[in-house]
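Each chain, letter by letter, is given below.
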Amino acid sequence: MIGEKQSEQLVQQYPYVFEIDANLDRLVRKIELLSYINPQNIEKEKQRFFASKYTVEPEFKYPKLKFDPYKLHRLFFSQRLERIGDDSLRKLYQDIIYYYANMVQCIETIGKGKNFYYNSLRVYGTPTEKDVQNARFILHFTDEPAVSDMEKVFSAEEARRYFESFVHQYNFPLNIRYSTNIAAEAMVSNSTQSLLIKKNTKFSKNQLLTLANHEIGVHLVTTYNGLQQPLKIFSNGLPKNVETQEGLAVFSEYMGGALTLKRLKEIAYRVLAADSLIKGYSFADTFDLIHGQYKLNRDDAFTITLRVHRGGGFTKDRLYLSGLRKIYKRYQREESMDTLLTGKVALEYEETINYLKGLGLAHPLTHKSYSFDQKLNTNKTLDFILNNLK
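Please read these numbers as outputs of a predicted model, since none were measured by experiment. Note on numbering: residues in each chain are counted from 1, in written sequence order. Given that this is a predicted model, residues contribute local features only at a pLDDT of at least 70 and side-chain atom pairs are listed and counted only at 80 or more, while totals for whole chains, interfaces and linings are drawn from all residues. Processing note: side-chain calculations cover all non-hydrogen atoms of the structure and skip hydrogens and water entirely.

Draft legend 1. The arrangement of the overall build of the protein chain in detail. Across its full length, the protein chain carries 18 helices and three strands. Counting every position in the protein chain, which comprises 390 residues, the buried fraction comes to 56%. Any two residues having at least one pair of non-hydrogen atoms within 4.5 Å are treated as being in contact. When contacts within the protein chain are restricted to residue pairs at least 6 apart in sequence, long-range pairs at least 24 apart make up 75% of them. Accessible surface, the protein chain: about 17800 Å² in total, of which carbon and sulfur atoms supply 48%. Charge counting follows a simple rule: Lys and Arg are positive, Asp and Glu are negative, and His as well as the terminal groups are ignored. Where a charge lies is defined by one atom per residue type: Lys uses NZ, Arg uses CZ, Asp uses CG and Glu uses CD. Treating the 54 positive side-chain charges of the protein chain as one cloud and the 45 negative ones as another, the clouds have centres 3 Å apart. By the criteria applied, helices consist of DSSP H or I runs no shorter than four residues and strands consist of E runs no shorter than two, each listed in order from the N terminus. Burial classes: relative accessible area under 20% of the type maximum marks a residue as buried, over 50% as exposed, and values in between as partly exposed (1.4 Å probe, protein chains only). Every accessible area reported is derived by Shrake-Rupley at a probe size of 1.4 Å, with residue values counting cover from the shown protein chains alone.

Pasting the structure below:
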């Protein structure tokens, strides 16, 4: 973190950059996609779908918008980027505006079928053939025998206490809230710096370690690191940051000794489910692929299907595996992860971030991810898989 005097000097040196950065910060705060994309009636529609013998398409309901999409679009594109003299900085903020404008269109069309799906593709892309091959490769491995660490015996309140204990090693606060409207068992809300825990759910010992490394060890680390940067965009998120951030988060599970073959298979199923969208599969078709053909239990198969079909077709989940592959390759090359933890940043912008550091507009990280300090994974099968991803 920089001192007040140094901060004032930077603002004087780059007045238009800080003005536009602050403007975008005010606009971006309104559009956290994950607060809109999670259906409000998951359990009800899940029971209806199961009762129909997996044939009736769920009818999900979504939160109402708290902003005017047209007005927000207009404000994004009214930013006077031409006043930024530095070409690299101007190009960065141009990319940022296009990225968030696409995000607004995503949120605006949630629940509107193909309209949302095509907007989602612009932001998150589609699984490549290589991604699909990697997913199938992972699913070829025989399931490991069940162990007591995988039994879901801990309540949401016990999970809370576990996370509060885990965060003691980090020098930042942990705000925990319970929620009934999230697709995952736990997730970080970047805008409120909170860890959301799904109410009325049970957790296994392994799941708690996984979520702690994933959500606290990376997502909250990058949230708080981003807040320490001179520019707000580090905490709001650079374009294409999801693949890098989720890759780091799953890699943190691996380094922290939490990653299992079951978890890696879950990520592989997500790729195949996202790929099924491209093939025009309905909710029931995707569920049949995961549950009927691949024999995943129906509750997990429903969650995976829900995650990719919510909103009208949401391809974000395809990025976990490709992100993990890229981060693991980086680890093999013994390259530092520090730049990637300085905020909600992306591999594609590493050169730009280093350029910003040279200008004093970006700083080294404040909080590091402790799981990266030593490799605690002892599962040779996982090592073999990760070493052989294409």
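Let's pick the thread back up.
Draft legend 2. Spatial organisation of helix α7 (residues 114–124). Three or more residues of α7 are buried, namely F116, Y117, N119, S120, V123 and Y124. An end-on view of α7 places all buried positions within 170° of arc, on one side of the element. Looking at the buried side of α7, the elements it contacts are α3 (34–37), α6 (87–108), α12 (241–255), α13 (261–278) and α16 (319–332). Looking at the residues trailing α7, positive phi occurs at G125, about 70°. The reported arc concerns the directions from the helix axis to the C-beta atoms and nothing else.

Draft legend 3. Structural view of the sheet that holds strand β3 (residues 194–198). With mixed pairing, the three strands of this open sheet are ordered in space as β1-β3-β2. Strands at the two margins of the open sheet, each flanked by one partner only, are β1 (175–179) and β2 (186–189). When the angles between neighbouring strand axes are averaged without regard to direction, this sheet yields 30°. Where β1 lies against β3, five bridges are found, and the strand directions are parallel. Each pair of strands is called paired provided DSSP finds at least two bridges between the two strands. Only the stretch in contact is used when a helix axis is fitted, and all axes are lines through C-alpha atoms; the angle between N-to-C directions ranges over 0 to 180 degrees.

Draft legend 4. Region of interest: the pattern of salt bridges. Whenever Lys or Arg places a side-chain nitrogen within 4 Å of a carboxyl oxygen from Asp or Glu, that contact is recorded as a salt bridge. Under the criterion given, the structure shown has 26 salt bridges. Residues R90 and D87 are paired through a salt bridge, measuring 2.5 Å at the closest nitrogen-oxygen approach. Within this pair, R90 and its partner D87 are both found in helix α6, separated by three residues, close to a single helical turn. For R270, the salt bridge identified is with E266, shortest N-O distance 2.9 Å. Separated by four residues within a single helix, R270 and E266 lie in helix α13, roughly one turn from each other. The buried category is assigned to R270, whose relative accessible area is 6%. Connected via shared salt-bridge partners are E253, R263, E266, R270, R307 and D317.

Draft legend 5. Spatial organisation of unusual backbone geometry. Of note in this structure, Y54 is not a glycine but carries a positive phi near 70°. Its place among the elements puts Y54 in the loop between α4 (42–51) and α5 (69–77). For Y54, a relative accessible area of 27% puts it in the partly exposed group. Positive phi is not limited to glycine here, since N200 has a value of about 55°.

Draft legend 6. Structural context of the pairing of β2. The alternating pattern of β2 places A186 and V188 and M187 and S189 on opposite faces, both of which are buried. As consecutive antiparallel partners, β2 and β3 are separated by four residues, and within that stretch Q193 has a phi angle of approximately 50°, a positive value.

Draft legend 7. Layout of the nonpolar core. If you look at the biggest cluster of nonpolar residues, it comprises 100 residues, and the most contacted ones within it are F76 and Y93. Those residues in contact with F76 that lie beyond four places of it in its chain are L24, L27, V28, I31, I97, Y100 and V104. Among buried residues, those of type Ala, Val, Leu, Ile, Met, Phe, Trp, Tyr and Cys that are joined through side-chain atoms within 4.5 Å constitute a nonpolar core. With 21 residues, the next largest nonpolar core counts A156, L208, L220 and V221 among its residues.

Draft legend 8. Structural view of α16. One less than the number of residues in a helix, times 1.5 Å, gives the span that helix is expected to have. Between its terminal C-alpha atoms α16 stretches 20 Å, which fits the 20 Å expected from 14 residues at 1.5 Å a residue. Among the 14 residues of α16, 10 are classified as buried, and the element is accordingly described as predominantly covered. Three or more residues of α16 are buried, namely L319, Y320, L321, S322, G323, L324, R325, I327, Y328 and R330. Following α16 by one or two positions, E334 adopts a phi angle in the positive range, close to 60°.

Draft legend 9. Up close: the packing of aromatic side chains. Note on aromatic contacts: the rings of Phe and Tyr and the six-membered ring of Trp form a pair at centre separations within 6.5 Å, being stacked when their planes are under 30 degrees apart, edge-to-face when over 60 apart, and tilted otherwise. Within the structure shown, the criterion is met by 31 aromatic pairs. Aromatic pair Y117 and Y118: ring centres 5.2 Å apart, planes at 50°, arrangement tilted. Put simply, the rings of F49, F50, Y54, F60, F283, F287 and F302 pair up and form one aromatic cluster. To sit over a ring, a charge needs its Lys NZ or Arg CZ within 6 Å of the ring centre and within 35 degrees of the ring normal. Sitting above the plane of the Y320 ring, R270 keeps its charged end 4.7 Å from the centroid. The ring of F50 has R298 lying over it, and the distance from NZ or CZ to the ring centre is 3.9 Å.

Draft legend 10. Up close: the side chain of D95. Note that D95 resides in helix α6. There is a polar contact of 2.8 Å between the side chain of D95 and the side chain of Y349. Residues contacting D95, with those up to four places away along its chain left out, are P239 and Y349. Polar contact criterion, stated in full: a pair of N or O atoms within 3.5 Å, where within protein one must be able to donate a hydrogen and the other to accept it, and residues adjacent in sequence count only if both atoms are side-chain atoms.

Draft legend 11. Summary view of the side chain of S371. Locating S371 in the fold gives a position in the loop between α17 (350–359) and α18 (380–387). Residue contacts for S371: discarding those within four places in its chain leaves N213, S252, M255 and G256.

Draft legend 12. Focus on the packing of helix α8 (residues 129–139) against α16. Remark: α8 packs on α16, axes separated minimally by 10 Å, with the N-to-C direction vectors making an angle of 90°. One finds that α8 runs roughly perpendicular with respect to α16. Touching D131, N134, A135 and I138 of α8 are L321, S322 and R325, all from α16. Here the residues of the contact of α8 with α16 sort into three nonpolar, two polar and two charged. For classification, angles of less than 35 degrees are called roughly parallel, those exceeding 145 degrees roughly antiparallel, those between 65 and 115 degrees roughly perpendicular, and all remaining angles oblique. Think of it as three bins: nonpolar holds Ala, Val, Leu, Ile, Met, Phe, Trp, Tyr, Cys and Pro, charged holds Asp, Glu, Lys and Arg, and polar takes everything else, Gly as well.

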